[in-house]
Amino acid sequence: MRITKASEAVGAIVEDVDVTKLSDQEFSDIRRAFLDHGTLFFRDQKLTPEDHIAFAKRWGAIDLNRFFKRREGYPEIAEVLKEPDQQLNIGGGWHTDHSYDDAPAMGSILYALEIPPSGGDTLFAGMAAAYAALDDTMKDRIKDLKARHGNAHVFGEESPYRKAVGDRYTNADQAGQTAIHPVVLAHPETGEKGLYVNPGFTLEIVDMDPAEGQALLQELYAHIMQDRFHHRHVWREGDLAMWDNRSTWHYAMNDYQGHRRYLNRITLEGVALA
């Protein structure tokens, strides 16, 4: 097994390994790499749904996603699907999964079953690297701030996006969760500081004038969106990617109109953030 950096800011590539046959030592090394790099990419995996679930359970409890359509017979697996005649994709903007929950998902494990001939890449951004690159004035300004996150504008019954995505999202009546988290998050396992706001689900800075808060968020987002904090993953069938929602953003590109893209995702339970 070989583990190499995908970029300086985020991600590592894990090669020469079958995730269905990991020894305890290999799994320990992979877990360390996950915490160090935020995102892992495994090539050439051949997983049944049962294999996918078994690998996820080695990491912890599975979060049964309430908004994604589930794979028939496998409630643990959410379908990330775009058919050739559909215009919108799922995840087509910078975001962090489940930041609207009091205990956000620890991570997500995504397996590629059908990939278009070109396009459909996923961008990842490293929040620790982005935070470290801030100047001291900004670090001091945001060190004690908290932000409110929510999901109704994405998954709720009145969401234009949800209506456009159609039956690929479910349970619109269950949307409406909000949660408050630190803008600067000390990672619950490593203690490393990173930014914990995202364009997809962050609504406002708590106890700050709304206009000032939005201006601050946009300044942070523009900083994080610099290429130097990113890695672009070009998918192949059989790829398995997993990311740490506490230390990364991701963005699924929607540049493959007329082609099918189908992946299976399992989400891992997290803990309340402080």
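Quick caveat: nothing in here was measured; it's all calculated off a predicted structure. (Residues numbered from 1 in each chain as written. Predicted model: local features only at pLDDT ≥ 70, side-chain atom pairs only at ≥ 80, totals over all residues. Heavy atoms only, no water.)

Visitor: Pulling in residues and values, what's your account of helix H1 (residues 24–37)?
Guide: Under the 1.5 Å per step criterion, the end-to-end length of H1 is 20 Å for 14 residues, consistent within 8% with the ideal 20 Å. Buried within H1 we find Phe27, Ile30, Ala33, Phe34 and Leu35. Among the structural elements, strand S1 (2–5), strand S2 (12–15), strand S3 (39–42), helix H2 (49–59) and strand S15 (240–244) are those in contact with the buried residues of H1. One or two positions beyond H1, positive phi appears at Gly38, with a value near 85°. (Helix = DSSP H or I, 4+ residues; strand = E, 2+ residues; numbered from the N terminus. Expected span 1.5 Å × (residues − 1). Buried < 20%, exposed > 50% of the residue type's maximum accessible area, 1.4 Å probe, protein only. Contact = heavy atoms within 4.5 Å.)

Visitor: I'd love a proper account of the sheet that holds strand S13 (residues 202–205), names of residues and values included.
Guide: One key point about sheets: their strands pair by backbone hydrogen bonds, in either a parallel or an antiparallel sense. Strand order in the open sheet formed by three strands is S10-S9-S13, with antiparallel pairing between adjacent strands. Edge positions in the open sheet fall to strand S10 (178–182) and S13, since each of these has one partner strand only. Strand after strand, the sheet turns through a mean of 30° between neighbouring axes, direction not considered. (Pairing = 2+ DSSP bridges. Axes fitted to C-alpha atoms, helices over the stretch in contact; angles between N-to-C directions.)

Visitor: Explain unusual backbone geometry to me, and be specific about the residues and the numbers.
Guide: Even without glycine at this site, Asp44 takes up a positive phi of about 55°. You can see Asp44 is positioned in the loop between S3 and H2. Given the relative accessible area of 57%, Asp44 is considered exposed. Phi at Asp207 takes a positive value of approximately 60°, unusual for a residue other than glycine. For Asp207, the position within the fold is in the loop between S13 and helix H7 (210–224).

Visitor: Before we move on, could you go through the pattern of salt bridges and cite the residues and values that matter?
Guide: Here the structure, examined in full by the defined rule, presents 20 salt bridges. The closest approach of N and O atoms between Arg58 and Asp24, which form a salt bridge, is 3.4 Å. You can see Arg58 sitting in helix H2 and its partner Asp24 sitting in helix H1, a full 34 residues away along the chain. Looking at Asp24, the relative accessible area reads 63%, which means it is exposed. Between Glu189 and Arg246 there is a salt bridge, and its shortest N-O distance comes to 2.9 Å. Of the two residues, Glu189 is situated in the loop between strand S11 (184–186) and strand S12 (193–195) and Arg246 in the loop between S15 and strand S16 (248–252); the sequence distance between them amounts to 57 residues. The exposure class assigned to Glu189 is partly exposed, which follows from its relative accessible area of 38%. What makes Arg246 buried here is its relative accessible area of 9%. Here the salt bridges do not stand alone but share partners, grouping Arg31, Glu189, Asp244 and Arg246 into one network. (Salt bridge = Lys/Arg side-chain N within 4 Å of Asp/Glu carboxyl O.)

Visitor: Lay out the sheet that holds S16 with the relevant residues and their values.
Guide: Read from one edge of the open sheet, three strands run S14-S8-S16, paired in antiparallel fashion. The open sheet has two edge strands, strand S14 (230–233) and S16, and neither has a second partner. Looking at each pair of strands side by side, their axes are set apart by 20° on average, direction ignored. When strand S8 (residues 122–126) meets S14, the two strands line up antiparallel, connected through four bridges.

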